[in-house]
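Okay, here's what each chain looks like letter by letter:
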Amino acid sequence: PLRLQKYKTMQLRASLADRPPYRKFLILVGLTLVFAVLLTGIGAGLAKALYGVDLMNDPSVYDKGTQPGIIGAFRLLQSLAAIGTFILPAFLAAMLFSNDTTAYLGLGKKAPIPSIIMVFLLLIIGIPFINWMSVVNQGMHLPASLKSVEDWMKSSEEQATRITQILLGTGSWADLFSNLFVIALLPAIGEELFFRGIVQKQFQELANNRTAAIVLTSILFSALHMQFFGFIPRFVLGMLLGFLYAWSGSLWLPIIAHFINNAGAVILTWLLTRNNSGINPDTIGLEPGQELLLGISVFMSLAGVWFMKKNLAK
């Protein structure tokens, strides 16, 4: 049986490598739909069995986030949904499209330590700049003829915000480490495997233009988060992650950058919840008298990106 299984796996490897990019993209979409529905369903079933929480049919759970079991149920569902939506489809697609899954996904090359340090500093320096982009984004509105679409977007964003608030929990140490895994680590790995490891590669093959592929992938990356009023900063983050991958050739660098970005938000919010910090991460650089800080953030962020390009670009 093991020999037969190995033989079948060998048959699957690179079996779709010669397909055109648009067909590979459609195959990826199909894999995503199948595994997202499957693992989300399993997650909802386990949440009901283990915690007695019906996440699919009881809308009142969004208003009971602090009750026992609900936080755990949401974390379980989010974890399995991330695996089914991003991680499994990415690895399966890479296996079908290439003989070397690791190399195809960009996981075979290590991220340079100096680049990791630079990315960390860049993301810290860029917080005021990102906050300013968020404010600009929130001030944007669709035409009156599309008011129903904007209302739907607001509703989707409010629901996403409620889920995030539930996941953040009560501010205990257990909450912190759980959230670093569920909100920071899993999305960083899964979304980078999916968007930069697979989607960006397919768009580049299709458009035969690296910058166009990064822009298209970043639009999709931001749009699929279903948070219209955070579209611009998330698009800019996607652009940074896309260029980090393109310049370095290592998917580990955008994975680490993505994790640092998410983990920073989790830690700052955790500190705020515990009243150990009076700093609101969402208003850094936007408070009265912080105009110079914002200007420095914009300048240093752009200079940092230029420096990384100069040192990483192949």
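Residues numbered from 1 in each chain as written. Predicted model: local features only at pLDDT ≥ 70, side-chain atom pairs only at ≥ 80, totals over all residues. Heavy atoms only, no water.

Description of the overall build of the protein chain
Tallying secondary structure elements over the protein chain gives 12 helices and 0 strands in all. Counted from the first residue to the last, the protein chain has its helices and strands arranged as α-α-α-α-α-α-α-α-α-α-α-α. Relative to the 2.2 N^0.38 estimate, which gives 20 Å for 314 residues, the radius of gyration of the protein chain is 21 Å and therefore close to what a compact globule would have. Each of the three principal axes of the protein chain carries a C-alpha extent, and together these read 65 × 55 × 45 Å. (Helix = DSSP H or I, 4+ residues; strand = E, 2+ residues; numbered from the N terminus. Rg over C-alpha atoms; globule rule 2.2 N^0.38 Å.)

Things to note about the pattern of salt bridges
This structure, assessed with the given rule, holds 6 salt bridges. The partner of Lys24 in a salt bridge is Glu205, with the nearest N and O atoms 3.9 Å apart. With Lys24 in helix 2 (residues 21–51) and Glu205 in helix 8 (residues 173–207), the pair connects residues that are 181 residues apart, well separated along the chain. (Salt bridge = Lys/Arg side-chain N within 4 Å of Asp/Glu carboxyl O.)

Observations regarding the packing of aromatic side chains
For any pair of aromatic rings, geometry is given as the distance between the ring centres together with the angle between the planes. Applying the stated criterion across every chain yields a total of 11 aromatic pairs. Aromatic pair Phe129 and Trp132: ring centres 6.2 Å apart, planes at 25°, arrangement stacked. Of this pair, Phe129 and Trp132 are both found in helix 6 (residues 127–138), 3 residues apart, which corresponds to roughly one turn of the helix. A ring pair is formed by Trp173 and Phe177, whose centres lie 6.2 Å apart and whose planes are at 25°; its orientation type is stacked. A residue pair is termed a helical-turn pair when its members lie 3 or 4 positions apart in one helix, as Trp173 and Phe177 do in helix 8 at 4 residues. Ring pairs connect the aromatic residues Phe86, Phe194, Phe195 and Phe221, which therefore count as one cluster. (Phe/Tyr/Trp six-rings, centres within 6.5 Å; stacked < 30°, edge-to-face > 60°.)

Brief notes about the environment of Leu92
Summarising the element assignment, Leu92 is placed in helix 3 (residues 70–97). As a C-alpha pair, Leu92 and Met118 span 26 residues in sequence and 32 Å in three-dimensional space. Contact partners of Leu92, with chain neighbours within four places excluded, come to Leu31 and Phe35. (Contact = heavy atoms within 4.5 Å.)

Examining the nonpolar core
Leu193 and Ile198 are the most contacted members of the largest nonpolar core, which totals 28 residues. Elements with a minimum of two residues in this core: helix 2, helix 3, helix 8 and helix 9 (210–223). Apart from the residues lying within four places of it in its own chain, the contact partners of Leu193 are Ile87, Ala90, Phe91, Leu105, Leu107, Ile198 and Leu251. One finds Phe74, Leu176, Leu180 and Val266 within the second-largest nonpolar core, a separate group that totals 22 residues. (Core = buried A, V, L, I, M, F, W, Y, C linked by side-chain atoms within 4.5 Å. Buried < 20%, exposed > 50% of the residue type's maximum accessible area, 1.4 Å probe, protein only.)

Focus on the environment of Leu293
Structurally, Leu293 can be placed in helix 12 (residues 291–312). Judged by relative accessible area, Leu293 falls into the partly exposed class, the value being 39%. When the C-alpha positions of Leu293 and His225 are compared, they lie 29 Å apart, and in sequence the two are 68 residues distant. When sequence neighbours within four positions are dropped, the list of residues in contact with Leu293 reads Pro128, Ile284 and Gly285.

Observations concerning the packing of helix 8 against helix 9
Closest axis-to-axis distance for the helix 8/helix 9 pair is 8 Å, and the angle between their directions is 135°. What the angle tells us is that helix 8 and helix 9 run oblique. Classified by chirality, the crossing of helix 9 by helix 8 is right-handed. Between helix 8 and helix 9, the contacting residues are Glu191, Phe195, Arg196, Val199, Gln200, Phe203, Gln204 and Ala207 on the first element and Arg210, Ala212, Ala213, Ile214, Leu216, Thr217, Leu220 and Phe221 on the second. (Axes fitted to C-alpha atoms, helices over the stretch in contact; angles between N-to-C directions. Parallel < 35°, antiparallel > 145°, perpendicular 65-115°, else oblique. Left-handed = near helix turned anticlockwise from the far one by under 90°.)

Side note on helix 11 (residues 252–273)
An ideal rise of 1.5 Å per residue puts 32 Å on 22 residues; helix 11 measures up with 31 Å between its terminal C-alpha atoms. Of all the positions in helix 11, only Leu253, Pro254, Ile255, Ala257, His258, Ile260, Asn262, Ala263, Val266 and Trp270 are classed as buried. For helix 11, the elements touching its buried residues are helix 5 (113–125), helix 8, helix 9, helix 10 (231–248) and helix 12. (Expected span 1.5 Å × (residues − 1).)

Points about unusual backbone geometry
The backbone of Asn208 sits at a positive phi, close to 55°, despite the residue not being glycine. As for its position among the elements, Asn208 is in the loop between helix 8 and helix 9. Its relative accessible area of 69% is what places Asn208 among the exposed residues.

Details of the environment of Arg162
In this structure, Arg162 sits in helix 7 (residues 147–168). The class for Arg162 is partly exposed, based on a relative accessible area of 31%. Once the C-alpha coordinates of Arg162 and Leu241 are considered, the two residues, 79 residues apart in sequence, prove to be 27 Å apart.

As for helix 9
Taking 1.5 Å of rise per residue, 14 residues should cover 20 Å, and helix 9 covers 20 Å from first to last C-alpha, within 8% of that figure. Residues of helix 9 that are buried include every one of Ala213, Ile214, Thr217, Ser218, Phe221 and Ser222, and no others. Summarising the axial view, the buried residues of helix 9 lie within an arc of 155°, below the 170-degree limit, and thus occupy one face. Buried residues along helix 9 sit against helix 8, helix 10 and helix 11. With a side-chain oxygen positioned 3.1 Å from the backbone nitrogen of Thr211, the residue opening helix 9 is Asn209. (Arc of directions from axis to C-beta. Polar contact = N/O pair within 3.5 Å; in protein donor to acceptor, adjacent residues only side chain to side chain.)

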